[in-house]
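# What the coordinates show
Chain residues, written in single-letter form:
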Amino acid sequence: KRMLLCLYAIYAKAKQIYQHLLETAEESLKSLQTSEDAKFYALSTRFKPFSNENETLVVQFSVKHEQGIDCGGGCVKLFPDTLNQQDMHSESEYYIMFGLDICGFGNNKVQVILRYQGKYHENNKIIKCRINKDTHLYTLIIRPSATYEVKIDNKQVAAGDVEDEWAFLPPKKIKAPYAQKPRKWDERLQIEDPEDKKPEGRWKPRTTDNPNYQGEWIHPEIDNPEYKPDPNICHYYNISVLGLDLWQVKSGSFFDNFLLTNDDEFAEEVGNMTWGTRKDVDKQWRELYEEMEKRKQEEAKKKEEREYDIWGIEEKGSEEDSAEESGNDRQLKEDDDERAFLGENVEVCVDRKDEL
């Protein structure tokens with residue numbers, strides 16, 4: 001079994017911790033792999049509590065679905081220091097859940113769930129994840145300005161304001177409660193041509209542009225009196241546990257290169273030094289393995305076809321032999337009948353000769 005290597009770079013000690021990990025090259029090749037189908041997995045590690053107040057928070061890890069996953073999770077969670085690790089389960093309170101959510105064809109996305117005032121909020125924007133068998137690097141960045149960024153393989157795939165993508169607060173604007181569309185508001189783009197004359201017989205009037213067209217009426221908006229900005233959005237205190245809480249129908253996923261830091265540039269550097277140095281090799285090994293498997297299947301198919309042809313020939317030969325034997329039997333019977341007939345005639349002829 002492969003073992004877990006955690007890269008925990010906590011703020012000021014980030015580079016020293018990572019450098020220490022790099023010195024153990026053998027350990028850096030180890031990772032965590034799920035090993036049984038249709039199982040829940042829970043694993044966590046504890047570290048000194050910290051807060052991301054007025055700090056950038058970066059969560060990063062790599063995952064490889066070698067088995068070709070079709071239904072299952074691939075997310076990490078950040079927990080408060082109150083978590084009982086021995087009793088960690090899907091209902092355990094957490095701050096952030098980040099990673100892959102794969103369930104069937106077309107429902108494959110990056111999930112970012114953030115806790116705010118005791119409730120969990122999922123990102124509104126759909127971010128597609130990678131579902132091939134290669135290793136991919138996933139990065140979540142939350143900045144003090146209440147902005148966020150999601151990267152896959154060190155490339156940005158989503159970014160924006162936290163307030164706009166998560167329904168933490170009431171909307172800033174609402175529709176004016178007393179505004180109504182005027183009764184004479186004309187939204188018809190075209191109208192019947194008033195100069196078109198009806199002939200005898202069936203007739204359909206031609207249309208023309210409406211000179212009074214006003215466009216679609218847009219409901220005016222006003223400031224929402226219930227909206228109040230919160231400068232403490234996504235500020236988490238006593239972050240103390242990083243864990244995997246997984247469900248997988250088909251096992252075989254590899255998790256590696258876990259990183260927490262307050263430096264997004266450093267996180268990118270770490271990604272390039274870990275996932276980046278191995279991604280091409282992993283891809284080459286995967287392609288080689290798939291080619292070998294393809295050849296094995298082709299050879300097995302050819303062997304099966306050869307065996308089928310051999311059995312077919314034998315069966316055909318057996319039928320011919322049987323037909324030949326049957327023909328021989330008929331010939332022997334005919335010969336016996338002929339000999340019997342000749343024998344009788346010879347006897348008759350002899351008798352007649354004697355009489356003479």
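Shown above is the structure to which this text applies.
Summary of the structure given here. (Residues numbered from 1 in each chain as written. Predicted model: local features only at pLDDT ≥ 70, side-chain atom pairs only at ≥ 80, totals over all residues. Heavy atoms only, no water.)

### Re the overall build of the chain
Put simply, the test is: Secondary structure is summarised from DSSP: a helix means a run of H or I of at least four residues, a strand means a run of E of at least two, and numbering begins at the N terminus for each. Exposure categories follow from relative accessible area, calculated using a 1.4 Å probe and restricted to protein chains: below 20% of the type maximum is buried, above 50% is exposed, and the middle band is partly exposed. We call two residues in contact whenever any of their non-hydrogen atoms come within 4.5 Å of each other. With residues, only the protein chains shown are counted as cover, and all accessible areas are computed by Shrake-Rupley using a 1.4 Å probe.
What the chain contains, in helices and strands, is four helices and 16 strands. Among the 356 residues that make up the chain, the fraction classed as buried is 36%. Partitioning the contacts of the chain with sequence separation of at least 6, the portion at a separation of at least 24 is 71%. Roughly 23700 Å² of accessible area belongs to the chain as shown, and the carbon and sulfur atoms make up 50% of that amount.

### Considering the nonpolar core
Just so we agree on the cut-off: What is meant by a nonpolar core is a set of buried Ala, Val, Leu, Ile, Met, Phe, Trp, Tyr and Cys residues, joined one to another through side-chain atoms within 4.5 Å.
Grouped together as the largest cluster of nonpolar side chains are 43 residues, with contacts concentrated most on Ile 96 and Phe 98. Leave out the neighbours within four places in its chain, and Ile 96 touches Leu 57, Val 76, Lys 77, Leu 78, Ile 113, Leu 114, Leu 140, Ile 142 and Tyr 236. The next biggest cluster of nonpolar side chains, apart from the first, holds eight residues, and it includes Phe 79, Met 88, Met 97 and Val 241.

### Digging into the pairing of strand 16 (residues 253-261)
Stated precisely, the cut-off is as follows: We call two strands paired when DSSP finds no fewer than two bridges between them.
With respect to burial, strand 16 is a largely interior element, nine of its nine residues being buried. With two bridges connecting them, strand 1 (residues 32-33) and strand 16 associate as antiparallel partners. Across the sheet, Gln 33 pairs through a bridge with Phe 254, a residue of strand 16. Relative to strand 16, strand 3 (residues 57-65) runs antiparallel, the two sharing seven bridges. Each residue of the ladder has a partner; that of His 65, found in strand 16, is Ser 253.

### Thoughts on the environment of Leu 32
Mapped onto the secondary structure, Leu 32 falls in strand 1. Relative accessible area serves as the criterion here: at 19%, Leu 32 is assigned to the buried category. The spatial distance from the C-alpha of Leu 32 to the C-alpha of Asp 256 is 6.4 Å, given a sequence separation of 224 residues.

### Digging into the packing of aromatic side chains
Stated formally: Only the six-membered ring of Trp is used, alongside the rings of Phe and Tyr, when aromatic pairs are assigned; centres must lie within 6.5 Å, and planes under 30 degrees apart are stacked while those over 60 apart are edge-to-face, with the rest tilted.
Here the structure, examined in full by the defined rule, presents nine aromatic pairs. With centroids separated by 6.1 Å and ring planes inclined at 25°, the aromatic side chains of Phe 61 and Tyr 138 adopt a geometry described as stacked. On the criterion of sequence distance, the pair formed by Phe 61 in strand 3 and Tyr 138 in strand 8 (residues 135-142) is long-range, its members being 77 residues apart. According to the relative accessible area criterion, Phe 61 is buried, its value standing at 0%.

### Quick notes on the side chain of Thr 135
Of note, Thr 135 is situated in strand 8. On the basis of relative accessibility, which here comes to 14%, the residue Thr 135 falls in the buried class.

### Side note on helix 3 (residues 264-273)
We count it as follows: Read the arc as the range of directions from the helix axis to the C-beta atoms. Each polar contact in these results corresponds to two N or O atoms within 3.5 Å; when the atoms are within protein, one needs to be able to donate a hydrogen and the other to accept it, and residues that are neighboring in sequence are counted only if both atoms are side-chain atoms.
For helix 3, the full list of buried residues reads Phe 266, Ala 267, Val 270 and Gly 271. The buried residues of helix 3 occupy an angular sector of 140° when the element is viewed end-on, so they sit on one face. Put simply, Asp 263 is the residue that caps the front of helix 3, since its side-chain oxygen is 3.0 Å from the backbone nitrogen of Glu 265.

### Some details on the environment of Lys 181
On the secondary structure map, Lys 181 appears in the loop between strand 11 (173-175) and strand 12 (190-192). The exposure class assigned to Lys 181 is partly exposed, which follows from its relative accessible area of 41%. The spatial distance from the C-alpha of Lys 181 to the C-alpha of Ile 218 is 8.3 Å, given a sequence separation of 37 residues. Setting aside chain neighbours within four positions, we find Lys 181 in contact with Glu 187 and Trp 217.

### Observations regarding the sheet that holds strand 10 (residues 155-161)
Pairing within the open sheet is antiparallel, and its six strands lie in the order 1-16-3-8-9-10. With one partner strand each, in any of the chains shown, strand 1 and strand 10 form the two edges of the open sheet. Two elements, strand 3 and strand 8, share eight bridges in a ladder whose sense is antiparallel. Each residue of the ladder has a partner; that of Lys 64, found in strand 8, is Thr 135.

### Quick look at the pattern of salt bridges
Let me state the cut-off plainly: We count a salt bridge whenever a side-chain nitrogen from Lys or Arg sits within 4 Å of a carboxyl oxygen from Asp or Glu.
Per the counting criterion, the structure on display carries twelve salt bridges. The salt bridge partner of Glu 187 is Lys 181, with a shortest N-O separation of 3.8 Å. For Glu 187, a relative accessible area of 34% puts it in the partly exposed group. Through salt bridges that share partners, Arg 143, Glu 149 and Asp 264 make up one connected network.

### Describing the pairing of strand 5 (residues 96-103)
For strand 5, the buried fraction is high: six of the eight residues fall into the buried class. With seven bridges joining them, strand 5 and strand 6 (residues 108-116) adopt antiparallel strand pairing. What sits directly across from Ile 102, in strand 6, is Asn 108.

### Notes on unusual backbone geometry
Most peptide bonds take the trans configuration, and most residues that are not glycine carry a negative phi. In the Ramachandran plot, Asn 54 falls in the positive-phi region, its phi being about 60° despite a non-glycine side chain. Along the polypeptide, Asn 54 turns up in the loop between strand 2 (39-50) and strand 3. On the basis of relative accessible area, Asn 54 is assigned to the exposed category, the value being 60%. Backbone geometry at Asn 257 places phi at a positive 55°, although glycine is not the residue there. Counting through the fold element by element, Asn 257 comes out in strand 16.

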